[in-house]
Amino acid sequence: SPLISEPTALLKLLRPTVAYISKEACNPDLQPCEVIDVRVPMGSEQRALYSYYLDVAKIPCADARFRMGVQMTYLRGICADPSGVEYEDDNRPVVSSNCNPKLIAIMDTLLKCVANGEQVVHVAARINQSNEIASRLDACGISYSRIDGTVTDHAFEASAFKAGNTQVMLMGIKCAQSYSFNQCSNLIIGSLEWSYGTFSQAKGRVWRLNSPRPVKIYV
């Protein structure tokens, strides 16, 4: 939950009993990690749908104690995959496409990395967001690997990306652990879930103790 995932409060609880060593303490020569906060407007249809569900009375949740949490889940989904929203409400605005300013900004960043001869990882909380990016990479002839629910052999996909056989890695947020790509110094986080832990895990896919170059993370 957001409450226990607040890093400062969590460390205050854990430090008396759990050993904690930062990356900087493990490696004094650790390469820097720059987190770049990218802000974009919403698409017009996307904004209409988001505004609709800002009214908490429109959230179908019988228990008022959980309504705000359900609302936040709705709004996060609209930010990542507005056309894939399948909430049972015939009165809600309809979004016809996931092509919006966020997708354009993500693709622009991906293409800049590829044009510079660099690899890049993209992490998404919604599979339809990854599908939209994949379809455009296919159209551009840009090679990519994928680690999410659409493929079964994740190890093969990871090996191909580590070997440099593909230029882009598309990862689901649930899969953004266990695999490390220290050869890659670019990460885009297109959408997240609740926990700070998922953000930290996503960063760790490219920001490693043995990263040879400074890392840039676009959020």
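Refer to the structure above for everything that follows.
Below or above, wherever it landed, is the structure these notes cover. Since this is a predicted model, take the numbers as computed values, not measurements. (Residues numbered from 1 in each chain as written. Predicted model: local features only at pLDDT ≥ 70, side-chain atom pairs only at ≥ 80, totals over all residues. Heavy atoms only, no water.)

1. Focus on a nonpolar patch on the surface
- A surface patch of nonpolar side chains, amounting to about 340 Å² of accessible area, comprises Leu10, Leu13, Leu14 and Val18.
- Considering the arrangement of structural elements, one finds Leu14 in helix α1 (residues 7-14). (Patch = residues over 30% accessible without salt bridge, like charges linked within 9 Å, V, L, I, M, F, W, Y side chains within 5 Å. Areas by Shrake-Rupley, 256 points an atom, 1.4 Å probe, with all protein chains shown as cover. Salt bridge = Lys/Arg side-chain N within 4 Å of Asp/Glu carboxyl O. Helix = DSSP H or I, 4+ residues; strand = E, 2+ residues; numbered from the N terminus.)

2. Examining the sheet that holds strand β3 (residues 144-147)
- Taken in spatial order, the 6 strands make up an open sheet running β1-β6-β5-β2-β4-β3, and their pairing is parallel. The strands lining the two open edges of the sheet, one partner per strand, are β1 (33-36) and β3. Each neighbouring strand pair of the sheet contributes to a mean axis angle of 15°, computed without reference to strand direction.
- Here helix α6 (residues 127-140) sits on the sheet and contacts β2 (120-124), β3 and β4 (168-172); the angle it forms with β3, its principal contact strand, is near 165°.
- Helix α8 (residues 196-203) rests against β1, β2, β5 (186-189) and β6 (215-218) of the sheet, and its axis sits at about 155° to β5. (Pairing = 2+ DSSP bridges. Axes fitted to C-alpha atoms, helices over the stretch in contact; angles between N-to-C directions. Contact = heavy atoms within 4.5 Å.)

3. Brief notes about the side chain of Asn98
- Within the secondary structure, Asn98 is located in the loop between α4 (67-80) and α5 (101-115).
- A residue is classified by how much of its surface remains accessible, and Asn98, at 4% relative accessible area, is buried.
- Within the structure, the side chain of Asn98 is placed 2.9 Å from the backbone nitrogen of Ser83, a separation counted as a polar contact.
- Those residues in contact with Asn98 that lie beyond four places of it in its chain are Asp81, Pro82, Ser83, Gly84, Leu103, Asn128 and Glu132. (Buried < 20%, exposed > 50% of the residue type's maximum accessible area, 1.4 Å probe, protein only. Polar contact = N/O pair within 3.5 Å; in protein donor to acceptor, adjacent residues only side chain to side chain.)

4. Focus: the packing of helix α3 (residues 44-53) against α4
- The geometry of α3 relative to α4 is characterised by a closest axis approach of 10 Å and an angle of 180° between their N-to-C directions. One element, α3, and the other, α4, form an angle in the roughly antiparallel class. Packed against α3, whose contacting residues are Gln46, Leu49, Tyr50 and Tyr53, the element α4 presents Gln71, Tyr74, Leu75, Ile78 and Cys79 at the interface.
- Taken together, the residues of the contact of α3 with α4 break down into 7 nonpolar, 2 polar and no charged. (Parallel < 35°, antiparallel > 145°, perpendicular 65-115°, else oblique. Nonpolar A, V, L, I, M, F, W, Y, C, P; charged D, E, K, R; others polar.)

5. Thoughts on the pattern of salt bridges
- Counted under the stated rule, the structure contains 6 salt bridges.
- Between Asp108 and Lys112 there is a salt bridge; the shortest N-O distance is 3.3 Å. Separated by 4 residues within a single helix, Asp108 and Lys112 lie in helix α5, roughly one turn from each other.

Take it as geometry only, folks, not as evidence of what the structure does.
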